[in-house]
Every structure is written in structure tokens, then in C-alpha cells.
Amino acid sequence: RRLLFPGGDGDVPASARHAWRLALAANAAGVPLPVWGTCLGFEWIVQLAAADDGVIGTGLDAENISLPLALRPAADTSRLLGGAANARLRAALGARPLTMNNHERGITPEAFDAHPALGRALRVLSTSTDRRGTAFVSTLEGVGLPVFATQWHPEKAQFEWGWRDGAPYEAIDHSAEAVGVSQHF
């Protein structure tokens with residue numbers, strides 16, 4: 001059993017709130033139920049963990065752009081990116097724009113740190129910086145829970161190859177390194 005909160009657009013629906021409560025209860029009872037959120041799903045996890053729908057801000061300029069990650073020290077020991085086996089992955093994510101972003105909503109590190117419930121529930125593994133120089137939280141992992149979230153789209157390097165008028169219509173890196181990142185996630 002797993003719970004996926006996908007990308008898209010919209011407010012947190014009642015069904016997602018209910019699924020989140022069930023996942024937390026299952027994990028508390030010792031039944032592992034991993035939760036993954038991508039893009040909008042990332043935002044929902046942040047809103048649900050904060051118990052505050054207003055915690056997500058707007059105005060980011062991160063639509064149709066691939067970005068590198070600024071990894072935090074927590075990434076080195078995380079379940080998602082940690083350990084010696086993932087050292088090359090961490091280096092690639094920090095050095096190259098391998099993460100496809102397509103959002104104008106998100107949470108800044110300052111807003112995350114100002115909300116104590118978030119720090120109790122989630123660890124920031126990375127941030128990214130939009131076109132205007134605004135940093136935003138880009139990768140999260142649950143504190144003591146199998147909860148993982150990316151504000152970016154790990155699936156797109158492998159599966160999205162759209163073309164319009166003879167050119168790709170999204171700024172997606174399809175290199176072997178980007179596909180390797182996609183497969184890891």
C-alpha cells in the first residue's frame with residue numbers, strides 16, 4: 001500500500017485530507033504506508049502537515065524551468081538521498097539543472113522555518129531558486145515517517161517528450177543523468 005498525491009492544480013480536497021489521516025494512523029500503528037507528493041502533491045503535504053492551507057505562497061517564477069538543487073546537510077543522511085551509494089546522485093542534482101519545475105506556488109525556507117509544525121513533521125532536503133532569485137523548498141522527507149515530496153517533477157525526464165511546432169514545449173532535461181535521477185525517485 002502507498003499513497004500518491006500527484007501534480008495538477010487545485011485546493012486540498014476532503015479525500016486527500018482523509019487519506020493523509022489514514023496514512024498517519026497506519027504509520028503510528030506500525031503499518032508502513034509511504035506517502036509521496038509531486039508538485040501539487042508536495043504543496044498538499046506541506047498544507048496537511050502544517051494544518052494550514054495558507055502556508056503555501058504564490059508568485060514564484062518557476063514554470064517550465066529545470067533547476068539544480070541546493071542540497072541541505074540533511075540530504076546526506078536522508079532515506080531519500082543519503083548514504084555513500086547516492087553520492088553521485090547528490091553531486092549531479094547539485095551541479096546540473098536536472099529537476100523540471102512547473103509551478104508558481106510553493107514555500108520559501110523562511111516560511112517553512114516560521115511554521116513549527118512543519119519542522120516537527122518534515123525535513124528540508126533541498127531548496128531551489130526561481131528565475132527572480134527567490135529560494136523555495138524543493139525536496140522534503142518526513143521526520144520519522146515514510147513521507148517524501150518534491151516540488152519538482154521527477155517523472156518528466158523519462159515520460160514527457162512533447163513537441164510543438166518542431167520544438168520541445170517544456171524545458172525538460174532528457175540526458176542519461178536526468179533519466180537516472182527520475183529512476184531513482
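For the structure itself, consult the block above.
Described in the following lines is the structure provided in the data block. Not measured: the values here are computed from a predicted model. (Residues numbered from 1 in each chain as written. Predicted model: local features only at pLDDT ≥ 70, side-chain atom pairs only at ≥ 80, totals over all residues. Heavy atoms only, no water.)

## A closer look at the layout of surface pockets
Volume-wise, the largest pocket comes out at about 200 Å³. Residue lining of the largest pocket: 13 residues in total, with Gly8, Asp9, Cys39, Asn102 and His103 positioned closest to the centre. Going through the elements one at a time, helix H2 (40–50) and strand S5 (99–106) are the ones with two or more residues in the lining of the largest pocket. Counting residues per element, the lining of the largest pocket draws most heavily on S5, at four residues. Here the lining of the largest pocket is composed, by residue class, of two nonpolar, five polar and six charged. (1 Å grid on protein atoms, 1.4 Å probe; cavity = no way out; pocket = protein on both sides within 12 Å on 5 of 7 lines; lining within 4 Å. Points joined across faces, edges and corners; volume = space filled by probe spheres on them. Helix = DSSP H or I, 4+ residues; strand = E, 2+ residues; numbered from the N terminus. Nonpolar A, V, L, I, M, F, W, Y, C, P; charged D, E, K, R; others polar.)

## A look at the nonpolar core
Phe5, Ile107, Leu118 and Leu140 are the most contacted members of the largest nonpolar core, which totals 29 residues. For this core, the element with the most residues is H2, which contributes eight residues. Once residues within four sequence positions are removed from consideration, Ile107 is found in contact with Phe42, Val46, Val55, Ile56, Phe112, Leu118, Phe136 and Val137. With 16 residues, the next largest nonpolar core counts Ala75, Leu89, Leu93 and Val181 among its residues. (Core = buried A, V, L, I, M, F, W, Y, C linked by side-chain atoms within 4.5 Å. Buried < 20%, exposed > 50% of the residue type's maximum accessible area, 1.4 Å probe, protein only. Contact = heavy atoms within 4.5 Å.)

## Regarding the sheet that holds strand S2 (residues 35–38)
The strands that make up a sheet are held in pairs by hydrogen bonds between backbone atoms, and each pair lies either parallel or antiparallel. With mixed pairing, six strands are arranged side by side in an open sheet as S1-S2-S8-S7-S6-S4. The open sheet has two edge strands, strand S1 (3–5) and strand S4 (70–71), and neither has a second partner. With seven bridges joining them, strand S6 (residues 122–129) and strand S7 (residues 135–142) adopt antiparallel strand pairing. Note on S7: the bridge partner recorded for Ser128 is Phe136. In this fold helix H1 (residues 14–28) packs onto S1, S2 and strand S8 (147–150), with an angle of close to 145° to the strand it touches most, S1. In the packing of H2 onto the sheet, the strands contacted are S1, S2, S6, S7 and S8, and the crossing angle to S2 comes to about 120°. (Pairing = 2+ DSSP bridges. Axes fitted to C-alpha atoms, helices over the stretch in contact; angles between N-to-C directions.)

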